[in-house]
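Overview (structure and organization)
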Amino acid sequence: MGNGSRKSKIVIIAALVALPIFFSCKKKSSAHPAARAPGDEIRALFVTPYRKADPSEFLWLQSLSKEYALNLRWEVLREEEWQAQKDARLSSPDAPDVLINACTAEDYAHYPAFFLNLAQFVGFSTPNLSLMFKENKNLAQAATMYNGAVYAFPSYSSLEWQQLFLHSAKCVIFINQQWLKALELPIPDTFAELEEVLFAFRTHDCNGDGDTTDEIPFDFYGWDGEQCSAVMLLGGLGIQLTDGGRNGYFAENDEIKSYFCDTRYKFLLSMLARWYKLGFIRDAALTSDFEGFLSRSHGTRDGFALTGMVIGMEETVQFGKTLSSQYRPMLPPTMRLSEIDENAFSLAGFRRYWGTDSLTIQPDRISLSAQCPQKDEVIAFIDALYGTDWSVQSVFGGIADGVVVKNSDFDFSVHTDIHFSNSFGEVGPHFLPNALSLALPDNFVYAQLERTAYQKLQVKKGNYYPEMYMKYPLEQLKALSDMEKNISEIAHTARLRWIRGEGNIDSEWDSYCAALENAGLASALRVRQAAYNRYLQK
């Protein structure tokens, strides 16, 4: 199933016109002892950010694999599981052959011989990929490394379709309006007002179950780079985050900075530590237990809500259909000018923002091992995934799985609320073109309505951090990655200690910032700044 014959003429041109950079690349050598024979089992890995959906059970994927005579053995890992074993796996003989949502530029820098250079395969034999790259010229820049190699294909949702992924690619601050109404409190707008609300949530039987101790005033999930992280509250303090603030970077007036040593981050950590001490935050929020996070949002078995304010996903996914009506979106809290210590903060920074994610283009969706058997068949299989029929199913769920109905070419309906249990979701390989007509279920409508209040908060020119377009020589990127691991570990350890009250942020802040400098933060910022400047000049 492809994009249809009416676009076949464009496809041939696309292979030659859109991607001249691709054909200058050379194939990398193998990191494995020996190639495996055609017909061997192909090891495929899917790294999922949230739930463990098993691709081996996707009926639509079984059909596609059979069409290309591929014997795929699927493995599914959570992101935290994969991160813990990635270095060992990429160096081992049993490494995956096909990797979905598993690797980034840092991995290509550390293991360039492991990955297959995919540039050589984009052309006449891959019409869907060629058409995708033709439709948006930025795709080639996002996919191509500094040395001209392409180690992974991106996904692309046309500008017309990027709003589809707001419910899962970017979070919302929800507050329980039913609790606010019972307490006769307005929606808080500042950190001071929010603290008053959280205190009321903590000290009253807001959910009416007779227990004044089971309410959780504030809940979130994860930290740097996670979509439901408390670090997103930095938007209320004038810091525009991209993709969850991965590795602590952000741009401010065309200068690359790290919030790890920013006084606004110090203020946020101080507030979180205070709220933790007052019982507004449970320790579970500081862990990486996504099921526990969702379970708390879904309330008690008797139907009582447990959470007051939550940084979460689309409301029916986050809270379930029964409790979702209790919640409404709110803007990130900010500070009144009268509340700001001029010695600690720059007043000019207090334009309120909300995080922005890579919605239209998502890099690094699918990559291959250099030792993958049946390369031509696997590449043809991947190209099919980028055809409209299969891309719709890759994102939303299969026709054979009863999730998607194909009405006609480029016209589909999704018949059930989407929880991505029969698909790769937004993190898999796909291409949704402008020509696509798609009827969506209610939870997508809710997701779009939830975010209307945030539209005016995004994005100031010069405050967008375009990480996927910033390129580095492989050795420089490898050194940068090593530095950032140490920097992130220092930041992570200090953050947990301070929030849990195991240290004093005021007395330890200067030594903490010095430790970040010693780990190479200043050097990392110079390298990132140079790459950002190169991006601006293109």
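Residues numbered from 1 in each chain as written. Predicted model: local features only at pLDDT ≥ 70, side-chain atom pairs only at ≥ 80, totals over all residues. Heavy atoms only, no water.

Glancing now at the overall build of the protein. Assigned secondary structure in the protein consists of 18 helices and 15 strands. Within the protein, the fraction of its 538 residues that count as buried is 58%. Surface exposure of the protein reaches about 21,300 Å², of which carbon and sulfur atoms provide 51%. (Helix = DSSP H or I, 4+ residues; strand = E, 2+ residues; numbered from the N terminus. Buried < 20%, exposed > 50% of the residue type's maximum accessible area, 1.4 Å probe, protein only. Areas by Shrake-Rupley, 256 points an atom, 1.4 Å probe, with all protein chains shown as cover.)

It is worth spelling out the confidence of the model for the protein at this point. A low pLDDT means the predicted coordinates there should not be read in detail. Per-chain confidence: the protein averages 85 in pLDDT, with 84% of residues scoring 70 or above. In the predicted structure, residues 1-34 sits below a pLDDT of 50 and forms 81 contacts with residues beyond four places in sequence or in another chain. Predicted confidence is poor over residues 163-169, with pLDDT under 50, and the contacts of this stretch with residues over four places away or in other chains come to 28 contacts. (pLDDT = per-residue confidence, 0-100. Contact = heavy atoms within 4.5 Å.)

To continue, consider the sheet that holds strand E6 (residues 216-219). If you trace the four strands from one edge of the open sheet to the other, you get E6-E9-E5-E10, paired in mixed fashion. Sheet topology places E6 and strand E10 (327-330) at the edges, where each strand pairs with a single neighbour. With direction set aside, neighbouring strand axes in the sheet form an average angle of 20 degrees. Note that strand E5 (residues 172-176) and E10 share four bridges and pair antiparallel. When the sheet's bridge partners are listed, Ile 173 is paired in E10 with Met 330. Each of E6 and strand E9 (307-312) is contacted by helix H11 (residues 290-297), which is oriented at about 135 degrees to E9, the strand it contacts most. This element, helix H12 (residues 315-323), spans E5, E9 and E10 of the sheet and lies at about 145 degrees to E9. (Pairing = 2+ DSSP bridges. Axes fitted to C-alpha atoms, helices over the stretch in contact; angles between N-to-C directions.)

This part takes up the packing of H11 against H12. Between H11 and H12, the least distance of the axes is 8 Å, while the angle of their chain directions is 30 degrees. When the axis of H11 is compared with that of H12, the two are roughly parallel. Seen from above, H11 lies across H12 with right-handed handedness. Here Phe 293, Leu 294 and Ser 297 of H11 lie close against H12, whose contacting residues are Val 317, Gln 318, Phe 319 and Leu 323. For the contact of H11 with H12, the residue count by class is five nonpolar, two polar and no charged. (Parallel < 35°, antiparallel > 145°, perpendicular 65-115°, else oblique. Left-handed = near helix turned anticlockwise from the far one by under 90°. Nonpolar A, V, L, I, M, F, W, Y, C, P; charged D, E, K, R; others polar.)

Here we take up unusual backbone geometry. If you check the backbone angles, Asn 253 has positive phi at about 55 degrees while not being a glycine. Structurally, the position occupied by Asn 253 is in the loop between strand E7 (249-252) and strand E8 (255-258). In this structure, Phe 410 takes a positive phi of about 65 degrees despite not being glycine. The residue Phe 410 is located in the loop between strand E12 (404-408) and strand E13 (411-414) in this model. Under the relative-accessibility criterion, Phe 410 is labelled buried at 6%.

Within H11, six of the eight residues are buried, leaving the element largely enclosed by the surrounding structure. If you check which residues of H11 are buried, you get Phe 290, Gly 292, Phe 293, Leu 294, Arg 296 and Ser 297. Of the surrounding elements, those touching the buried residues of H11 are E6, E9 and H12. Two or three places before Glu 291, at the opening of H11, Asp 289 has a side-chain oxygen 3.4 Å from that residue's backbone nitrogen. Following H11 by one or two positions, Gly 299 has its phi on the positive side, about 80 degrees. (Polar contact = N/O pair within 3.5 Å; in protein donor to acceptor, adjacent residues only side chain to side chain.)

With that settled, the discussion passes to the packing of aromatic side chains. Applying the stated criterion across every chain yields a total of 32 aromatic pairs. Ring plane angle 45 degrees and centroid distance 5.8 Å describe the contact between Trp 74 and Phe 424, whose orientation is recorded as tilted. Taken as a pair, Trp 74 in strand E2 (residues 72-78) and Phe 424 in the loop between E13 and strand E14 (431-432) lie far apart in primary sequence, 350 residues in all. Judged by its relative accessible area of 1%, Phe 424 falls in the buried class. When the ring of Phe 191 is compared with that of Phe 267, the centres are 5.3 Å apart and the planes differ by 85 degrees; the resulting orientation is edge-to-face. (Phe/Tyr/Trp six-rings, centres within 6.5 Å; stacked < 30°, edge-to-face > 60°.)

Looking now at the sheet that holds E2. Taken together, the six strands give an open sheet; going across it, the order is E2-E1-E3-E11-E4-E14, and neighbouring strands pair in mixed fashion. Each end of this open sheet is capped by a strand with a single partner; those strands are E2 and E14. Summarising the sheet, strand E4 (residues 153-157) and E14 pair through two bridges and their orientation is parallel. Residue Ser 157 lies in a different strand from E14, and its bridge partner there is Leu 432. The sheet contacts of helix H5 (residues 127-135) involve E4 and E14, and relative to E4 the element is tilted by about 65 degrees.

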